[in-house]
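Single-letter residue listing:
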Amino acid sequence: MKNVVIVVDDSELIINVMTKALEDQYEIVSAKNGREALDEVSKNKDRAVCMLLDLNMPVYDGFTVLNYFKTYDMFKRIPVFIISGDDSKDTIDRAFTYDIVDMLNKPFSMENIRSAVDRAINLSNEK
């Protein structure tokens, strides 16, 4: 049984790119908003090894998910890598107030995606 990577983005295109980049090594579970993301976290908390999280989404945004992770001390269990098209200083600074692994700015390559997930999983194994 493969480990799970949770991909959270409201863009079907981004989810498809992430899935294509990672599906040979991981089971990909996707969510289109923060509420779906939290549902997937609770369903997959024992198998999830990483979350790739967009910040700008409907229903609950990425910061709502980050607040949940902070409140329930989830960052050690499921490392979070931010995927975002917003590279403004304010957004980056705000994201790094949480215990995230790093940010990956859109657009990104398949290799960037694989490298980000590997890094997140390696960091989590060290904790």
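Residues numbered from 1 in each chain as written. Predicted model: local features only at pLDDT ≥ 70, side-chain atom pairs only at ≥ 80, totals over all residues. Heavy atoms only, no water.

### Observations regarding the overall build of the protein
Within the protein, the secondary structure is distributed over 5 helices and 5 strands. Secondary structure elements of the protein occur, N-terminal to C-terminal, as β-α-β-α-β-α-β-α-β-α. A globule of 127 residues ought to have a C-alpha radius of gyration of about 14 Å, and the protein, at 13 Å, matches this closely. For the C-alpha atoms alone, the extent of the protein along its principal axes is close to 40 × 30 × 30 Å. Relative to its full complement of 127 residues, the protein shows a buried share of 46%. Within the protein, contacts between residues separated by at least 24 positions form 60% of all contacts whose residues are at least 6 apart in sequence. Treating the 16 positive side-chain charges of the protein as one cloud and the 22 negative ones as another, the clouds have centres 4 Å apart. (Helix = DSSP H or I, 4+ residues; strand = E, 2+ residues; numbered from the N terminus. Rg over C-alpha atoms; globule rule 2.2 N^0.38 Å. Buried < 20%, exposed > 50% of the residue type's maximum accessible area, 1.4 Å probe, protein only. Contact = heavy atoms within 4.5 Å. Lys, Arg positive; Asp, Glu negative; His and termini not counted. Charge placed at Lys NZ, Arg CZ, Asp CG, Glu CD.)

### Some words on the side chain of Glu 40
Tracing the chain through its elements places Glu 40 in helix H2 (residues 34-44). The exposure class assigned to Glu 40 is buried, which follows from its relative accessible area of 14%. Discounting residues that sit within four places of it in the chain, Glu 40 has contacts with Ile 6, Val 29 and Ser 30.

### As for the pattern of salt bridges
Using the criterion set out here, one finds 8 salt bridges in the structure. Asp 54 is the partner of Lys 106 in a salt bridge, and the nearest nitrogen-oxygen pair spans 3.6 Å. One end of the pair, Lys 106, is in the loop between strand E5 (102-105) and helix H5 (110-126); the other, Asp 54, is in the loop between strand E3 (48-53) and helix H3 (62-71), with 52 residues separating them in the sequence. In this structure Asp 54 comes out as buried when scored by relative accessible area, which is 3%. Because the salt bridges share partners, they merge into one network encompassing Asp 9, Asp 54 and Lys 106. (Salt bridge = Lys/Arg side-chain N within 4 Å of Asp/Glu carboxyl O.)

### A look at the sheet that holds strand E1 (residues 4-8)
Pairing within the open sheet is parallel, and its 5 strands lie in the order E2-E1-E3-E4-E5. Of all strands in the sheet, those bounded by a partner on one side alone are strand E2 (27-31) and E5. Between one strand axis and the next, the sheet turns through 25° on average, direction left out of account. Bridge count between strand E4 (residues 80-84) and E5: 4 bridges; the pairing is parallel. Note that in E5 the partner of Ile 83 across the bridge is Leu 104. Sitting on the sheet, helix H1 (residues 12-22) touches E1, E2, E3 and E4, and the angle it makes with E2 is about 170°. Sitting on the sheet, H3 is in contact with E3 and E4, with an inclination near 145° to E3. (Pairing = 2+ DSSP bridges. Axes fitted to C-alpha atoms, helices over the stretch in contact; angles between N-to-C directions.)

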